[in-house]
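# Breakdown of the fold
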Amino acid sequence: MQFLDEYQETVANAITKYIFKDKPEELYGPMNYIISHGGKRLRPMMVLMACEMFDGNLKKALKPALAIEFFHNFTLIHDDIMDEAPLRRNKPTIHTLHGINTGILSGDALMFKALKFFENLEPDLYKACMRVFIHTGLLLCEGQQYDINFETQEEVTFNDYIRMISYKTGILSASSFEIGALIAGADFKDAKAIFNFGKHVGIAFQIMDDYLDVFGNQEQIGKKHAGDIYENKKTVLYLLAKEHATDEERKELEYWYSKKTDNVDKVYSVEKIFRRTKVDEKALLLIQEHNELAQKYLNKISVSDAKKKPFIELANYLLQRES
């Protein structure tokens, strides 16, 4: 999609402009390492898209968009440490290359650099954006803790899972859109509608991520295959499998998820249950359900259909990743 390429180029150029030249290199080098790998840079593009939707000034939104990107990468560094993940975007993770201490410090520094990108906004807008940004950060931490809790928590409900991914993934997409709308001067109703659009797209995106962890192409995803199974993460696949499994399959799932091991038999056995209970099909239906909810919120926004079209295309693009 050409409009995404244009936004990506804008963000990439801005990141190059603001590359870290500070010292010590041992701190800032790893920060440059993770932001230079890029990924899709979806969240900063969401800020710019929402700003443009409401006829805002893209130059004014560019630094806040970078703030979101730097914040997102801060969370990835710390997330990789917690998950002991060896790869991110098909590259070695920062803590793998430089150790846990440098990983923690470079993540923290990225967070503070992100905050500085809001400094040039006028006082009322600064206050509004910071309120959204700080609330997002707190909810994201709560979501991460719920995710950690679920690894040892015996009973996790489907609603528990949706709350966790809403906080851990949905909120960042939602807030990216909302901050872009606020910078453009959108009214409260429209800003909240684009927030909810982003939240449901984010939920659908995370369910797709859970799906791809097991059923995706490892090379294209850039992560360890079935990492969630190794980590005992009670993803949507696990919850759907438990719901639709036989008593014997349920006991086997609970047995394997009581052990944190790299045993390939664990992955093989769990994947077999996932396939027998057809959780892949069920997960894809849930993705479609949240995509439809997102479209409902998009339809409430008081702009032309032409301005909504890129958002529909973005949602479809995000939810049709390679499997």
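Going by an unreviewed UniProt entry, the protein carries the name Geranylgeranyl diphosphate synthase, type II and comes from Kaistella chaponensis. The record held by UniProt for the protein lists under Sequence similarities (unreviewed entry) the comment "Belongs to the FPP/GGPP synthase family." In its Cofactor (unreviewed entry) section, the UniProt entry covering the protein states "Mg(2+)".

Right, let's get into the nonpolar core. Membership of the largest hydrophobic core comes to 102 residues, with the highest contact counts inside it found for Leu 110, Ile 194, Phe 197, Ile 207 and Phe 274. For this core, the element with the most residues is helix 9 (residues 188-215), which contributes 14 residues. The residues contacting Phe 274, other than those within four sequence positions of it, are Val 214, Phe 215, Ile 229, Leu 237, Tyr 238, Ala 241, Leu 253, Tyr 257 and Val 279.

A few words on the pattern of salt bridges. In the structure shown here, the tally under the stated rule is 21 salt bridges. In this structure, Lys 307 engages Asp 55 in a salt bridge whose closest nitrogen and oxygen atoms are separated by 2.6 Å. A residue pair is termed long-range when its members are at least 10 positions apart, and Lys 307 in helix 16 (residues 305-318) and Asp 55 in the loop between helix 3 (42-53) and helix 4 (58-83) qualify at 252 residues. Where Arg 250 meets Asp 247, a salt bridge forms, and the shortest distance between an N and an O atom there is 2.9 Å. With Arg 250 and Asp 247 both in helix 13 (residues 247-256), this residue pair falls 3 residues apart, about one helical turn. Using a relative accessible area of 23% as the deciding quantity, one classes Arg 250 as partly exposed. One salt-bridge network, held together by shared partners, links Asp 79, Asp 83, Asp 147, Glu 151, Lys 168, Glu 231, Lys 233 and Lys 260.

Below, the discussion takes up the packing of helix 9 against helix 16. Put simply, helix 9 and helix 16 touch, their axes get as near as 10 Å, and they point 15 degrees apart. Viewed along their axes, helix 9 and helix 16 adopt a mutual orientation that is roughly parallel. In this structure, the crossing between helix 9 and helix 16 has a hand that is right-handed. Of helix 16, the residues touching helix 9 (which contributes Ile 194, Phe 197, Val 201 and Phe 205) are Phe 311, Ala 315 and Leu 318. When grouped by side-chain class, the residues that make up the contact of helix 9 with helix 16 number 7 nonpolar, no polar and no charged.

Attention now goes to the packing of aromatic side chains. Taken as a whole and assessed by the stated rule, the structure comprises 17 aromatic pairs. When the centroid spacing of 5.6 Å and the interplanar angle of 45 degrees are considered together, the rings of Phe 71 and Phe 74 count as tilted. Of this pair, Phe 71 and Phe 74 both sit in helix 4, 3 residues apart, roughly one helical turn. Each member of the pair Phe 71 and Phe 74 is classed as buried. Summarising the aromatic geometry, the rings of Phe 197 and Phe 311 are spaced 6.0 Å apart at their centres and angled 75 degrees between planes, so their arrangement reads as edge-to-face. Here the residue Phe 197 occupies a position in helix 9, and Phe 311 occupies one in helix 16, the gap between them amounting to 114 residues. Using a relative accessible area of 1% as the deciding quantity, one classes Phe 197 as buried. Looking at Phe 311, the relative accessible area reads 2%, which means it is buried. Cluster of aromatic residues (ring-pair linked, three or more members): Tyr 18, Phe 20, Tyr 28, Phe 70 and Phe 117.

A cluster of acidic residues, Asp 5, Glu 6, Glu 9 and Glu 52, forms a negative patch at the surface. Sort the elements by how many residues they give to the negative patch and helix 1 (residues 2-17) lands first, with 3 residues. If you trace the backbone, Glu 52 turns up in helix 3.

Applying the stated rule across the entire model yields 1 cavity of 30 Å³ or more. Volume-wise, the largest cavity comes out at about 90 Å³. Taken together, the elements giving at least two residues each to the lining of the largest cavity come down to helix 2 (25-36), helix 4, strand 2 (91-92) and helix 5 (94-98). Per element, the largest residue contribution to the lining of the largest cavity is 3 residues, and it comes from helix 4. Of the residues in the lining of the largest cavity, the class split is 6 nonpolar, 3 polar and 4 charged.

The next thing to look at is the environment of Ile 312. Relative to the helices and strands, Ile 312 is located in helix 16. Classification of Ile 312 by relative accessible area gives partly exposed; the value is 35%. C-alpha separation for the pair Ile 312 and Asn 291, spaced 21 residues apart in sequence, amounts to 9.2 Å. If near-sequence neighbours (up to four positions away) are discounted, Ile 312 is found in contact with Gln 295 and Leu 298.

Given a rise of 1.5 Å per residue, 13 residues ought to cover 18 Å, and the 18 Å separating the end C-alpha atoms of helix 14 (residues 264-276) matches this to within 8%. Of all the residues in helix 14, the buried ones are Lys 266, Val 267, Ser 269, Val 270, Glu 271, Ile 273 and Phe 274. Residues of helix 14 that are buried make contact with helix 9, helix 11 (227-230), helix 12 (236-244), helix 13 and helix 15 (279-299). Two to three positions downstream of the cap, the backbone nitrogen of Asp 265 sits 2.7 Å from a side-chain oxygen, assigning the N-cap of helix 14 to Asn 263. Positive backbone phi, approximately 55 degrees, marks Lys 278, located one or two places after helix 14.

Thresholds, definitions, all that
- Residues numbered from 1 in each chain as written.
- Predicted model: local features only at pLDDT ≥ 70, side-chain atom pairs only at ≥ 80, totals over all residues.
- Heavy atoms only, no water.
- UniProt positions renumbered as here; feature names shortened; annotations may be inferred.
- Core = buried A, V, L, I, M, F, W, Y, C linked by side-chain atoms within 4.5 Å.
- Buried < 20%, exposed > 50% of the residue type's maximum accessible area, 1.4 Å probe, protein only.
- Helix = DSSP H or I, 4+ residues; strand = E, 2+ residues; numbered from the N terminus.
- Contact = heavy atoms within 4.5 Å.
- Salt bridge = Lys/Arg side-chain N within 4 Å of Asp/Glu carboxyl O.
- Axes fitted to C-alpha atoms, helices over the stretch in contact; angles between N-to-C directions.
- Parallel < 35°, antiparallel > 145°, perpendicular 65-115°, else oblique.
- Left-handed = near helix turned anticlockwise from the far one by under 90°.
- Nonpolar A, V, L, I, M, F, W, Y, C, P; charged D, E, K, R; others polar.
- Phe/Tyr/Trp six-rings, centres within 6.5 Å; stacked < 30°, edge-to-face > 60°.
- Patch = residues over 30% accessible without salt bridge, like charges linked within 9 Å, V, L, I, M, F, W, Y side chains within 5 Å.
- Areas by Shrake-Rupley, 256 points an atom, 1.4 Å probe, with all protein chains shown as cover.
- Lys, Arg positive; Asp, Glu negative; His and termini not counted.
- Charge placed at Lys NZ, Arg CZ, Asp CG, Glu CD.
- 1 Å grid on protein atoms, 1.4 Å probe; cavity = no way out; pocket = protein on both sides within 12 Å on 5 of 7 lines; lining within 4 Å.
- Points joined across faces, edges and corners; volume = space filled by probe spheres on them.
- Expected span 1.5 Å × (residues − 1).
- Polar contact = N/O pair within 3.5 Å; in protein donor to acceptor, adjacent residues only side chain to side chain.

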